[in-house]
Amino acid sequence: MMLFDRKDLKDDDLLKLYRQILLPRMIEEKMLVLLRQGKVSKWFSGIGQEAIAVGVTAAMQQDEWIMPLHRNLGVFTTREMPLVKLMKQWQGSYDGYSKGRERSFHFGSSEHFICGMISHLGPQLSVADGVALAYSLKQENKVAVAFTGDGGTSEGEFHEALNLAAVWNLPVIFIVENNGYALSTPVSEQFKNDSFVDKAKGYGIDAVRINGNDILKVYDTIKGVRDYCISTRQPYLIDCTTFRMRGHEEASGTKYVPSYLFDIWKEKDPVENYENYLLSIGLLSKDLIEEIRRELKSYIDDSVEDGLKSDPIVVNSSNELADVYAPQVWDSELNYYEGTEPGKEKRFIEALSEGLDQALERHSNLVIMGQDIAEYGGAFKVTQGLAEKYGKSRIRNTPLCESAVVGAALGLSLENYKSVMEMQFADFVSVGFNQIVNNLAKIHYRWGQNADVVIRMPTGAGVGAGPFHSQSNEAWFTHVAGLKVVYPSTPAEAKGLLIAAIEDPNPVMFFEHKALYRSVSGPVPEEYYAIEIGKARVVEEGEDISIITYGAGVHWAKELAAKRKDISFHILDLRTLSPLDFEAIKQAVKSTGKVLILHEDTLFGGIGGTISAWITENCFELLDGPVMRCASLDTPVPFNIELEKNFLAKSRLEEMVDKLVKY
Ligand SMILES: Cc1ncc(C[n+]2csc(CCOP(=O)(O)OP(=O)(O)O)c2C)c(N)n1
């Protein structure tokens, strides 16, 4: 029998914990029956591990964020989420927590301060960092909690999140549910360390290993650690040793687990042992157990019955599309300009800095993060002077950990902060990719939470910087529902669109062409103004050929138009690549009947293909020739200036224009 220590817990507290740990066990037992009857599809069992989810949640304040995973039913039940709605969630019903869009435990509820996981597991850890950062900035005495399995600790995100929490002194509790297996992989094939206490030390984080099957130990440890995190402003890791008593998910079985392990751990069952303890101290009796079980059973049976009554889902594509983005609530005091208004002459880079500066002034909840962006002013000096003006708590240098910082940006958003993250070069977004395309992009569609994050992407070639400091990777993101992709070409647009991106509650990928930073100047209005996202601009009107382009392409097209007075050019600057301004594209087709789509990105799979397809599908009668694309060579970006020139679309532009005009 396990030994329990009640410390100073009152009888009522002990009984409450008993009900709390019994409920998820009984729900699961019911689910296993429903699963066999085909009434529930996928199920990840937390049987045998309930003490962790329940103990942790019970020890936290109701309004502190928890980032649970797939075995943590106890988090949801201890936060008292109604079972009938949970049941509807598991049914894929519209009335669940995700309108039928997410399965099992991959959903959240802001009302309950529970952030839904994405299947990739590790990302939850960094989101907790962001929430904890928000608590710190607000000087609130709160702590964020994130769960990970033992397998998840091998992910890069674990390393990044722990390191970031340590360096930034964030009040986060990292819970490792050390349950022996990651799917079929035993811990011996997962890591070399004996305990995660050792790993935590490597990050400068204090940690403890506890028996994760002892609910009183979990509860008491979290209470103490929570106080520690608040008073010291430090993270903490808790290694909760436990065991997965069922298969990874119900269909996958347990053949790979030696049966003696089940015998050993059955003896350590967290519910039975706690029940026996309460019997031994006279707080429970057989009759009382019966009574509590009857009561919980009737709650479960009623909820399941109601949950199963869900109406079949009514499919409506407009509703689906409408929920991909959070609605924009326009600030009535915000000025909207076209980006053609008079103003002081400024360089592209100055316009960006001014936009950031004014946005920081206007939004006290705006935080900027990136490598070397504080005193150093960023690799391109866009943020120069901002740290002196707004302080280093809002203009935050980050360690080299793109993924954790994007995750932290999402965490900030859960606590109603806005954030702008600077990728040092757009190329480095590849190591923050998962958080962007799977977490930020999908979260609103999945469970209605917005991600108020702008990611600044210094992009493009033409400066002899080679394959990893020159890429155009905007098309990676235009393919992802839930992201907005913005790409200005003039200083006025850079400022107005950056402000619009910051005002927008959705994740925006904001591309800034590095070669334009100091080479392009133009009038920039002084005040705080936005340019509507999703609206293109006619740069020049003409009759012979329409060039639809963006970014550096706009300048290449203008340069050619100035040189070739024999051709009348119509130039459209898209300004936003997602959502596209289809009306403006149609008008551009109408103006000349001949369309050349120009982009610096490589040809195959570039946004030009999508625009071209849309034009042929929707504007066929307006065309006097094939829609053509002028793009960069389908190679990585070469370093040598001659090779790079040959790579860039610009080197083929004039030739293609002549070809199309003559068609
Ligand atoms: C990035 C990623 N790789 C692989 C998977 C597939 N997968 C889902 S759960 C899982 C095992 C997770 O093990 P662990 O973190 O120990 O948690 P446990 O399931 O034991 O609670 C794997 C491999 C995944 N979801 N995400």
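Before any of the text, the structure's been laid out above.
Scope of this entry: the structure provided in the associated data block. All of these numbers come straight from a predicted model, not from anything done at the bench. (Residues numbered from 1 in each chain as written. Predicted model: local features only at pLDDT ≥ 70, side-chain atom pairs only at ≥ 80, totals over all residues. Heavy atoms only, no water.)

Side note on the sheet that holds strand β22 (residues 595–602)
Alright, step 1. Strand order in the open sheet formed by five strands is β18-β20-β19-β22-β23, with mixed pairing between adjacent strands. Sheet topology places β18 (537–540) and β23 (628–632) at the edges, where each strand pairs with a single neighbour. Strand-to-strand twist of the sheet, defined as the mean angle between neighbouring strand axes without regard to direction, takes the value 25°.
Alright, step 2. Inspection of the sheet shows strand β19 (residues 545–549) paired to strand β20 (residues 569–573) by five bridges, in the parallel sense. Bridge pairing in β20 links S546 to H570.
Alright, step 3. Most of the contacts of helix α21 (residues 552–563) go to β20, to which it runs at about 165°, and overall it touches β18, β19, β20 and β22. (Pairing = 2+ DSSP bridges. Helix = DSSP H or I, 4+ residues; strand = E, 2+ residues; numbered from the N terminus. Axes fitted to C-alpha atoms, helices over the stretch in contact; angles between N-to-C directions. Contact = heavy atoms within 4.5 Å.)

As for the sheet that holds strand β7 (residues 236–241)
Alright, step 1. Overall, parallel pairing links the five strands, which are arranged β1-β2-β3-β7-β6 in an open sheet. The sheet is open, and its two borders are formed by β1 (66–67) and β6 (206–211), each paired with just one other strand.
Alright, step 2. Bridge count for strand β3 (residues 172–178) against β7 is six bridges, and the pairing is parallel. Looking at β7, one finds that E177 is bridged to C240.
Alright, step 3. Helix-sheet contacts for helix α2 (residues 50–59) involve β1, β2 (144–149), β3 and β7, and the interaxial angle to β2 is about 170°.

Points about the pattern of salt bridges
Alright, step 1. A full pass over the atoms with the stated rule returns 45 salt bridges.
Alright, step 2. The partner of D331 in a salt bridge is R362, and the shortest N-O contact between them spans 2.6 Å. Of the two residues, D331 sits in the loop between α12 (317–322) and β8 (335–336) while R362 sits in helix α13 (residues 348–362), which places them 31 residues apart along the sequence.
Alright, step 3. Accessibility expressed as a relative area gives 27% for D331, which makes it partly exposed.
Alright, step 4. R362 sits in the partly exposed class, given a relative accessible area of 33%.
Alright, step 5. Two residues, E361 and K389, come together in a salt bridge whose shortest N-O distance is 3.9 Å. You can see E361 sitting in helix α13 and its partner K389 sitting in helix α14 (residues 386–390), a full 28 residues away along the chain.
Alright, step 6. On the accessibility criterion, E361 (54% relative accessible area) is exposed.
Alright, step 7. Salt bridges sharing partners connect three or more residues here, namely E338, E493, R537, D573 and R575. (Salt bridge = Lys/Arg side-chain N within 4 Å of Asp/Glu carboxyl O. Buried < 20%, exposed > 50% of the residue type's maximum accessible area, 1.4 Å probe, protein only.)

Some words on the pairing of strand β15 (residues 508–513)
Alright, step 1. A large share of β15 lies buried, amounting to six of its six residues.
Alright, step 2. Here β15 shows no split at all, with V508, F510 and E512 on one side and M509, F511 and H513 on the other all buried.
Alright, step 3. Bridge count for strand β13 (residues 453–459) against β15 is six bridges, and the pairing is parallel. Within β15, the residue paired with T459 across the bridge is H513.
Alright, step 4. Sheet topology places strand β14 (residues 484–486) next to β15; three bridges connect them, and they run parallel. Directly across from V485, in β15, lies its bridge partner M509.

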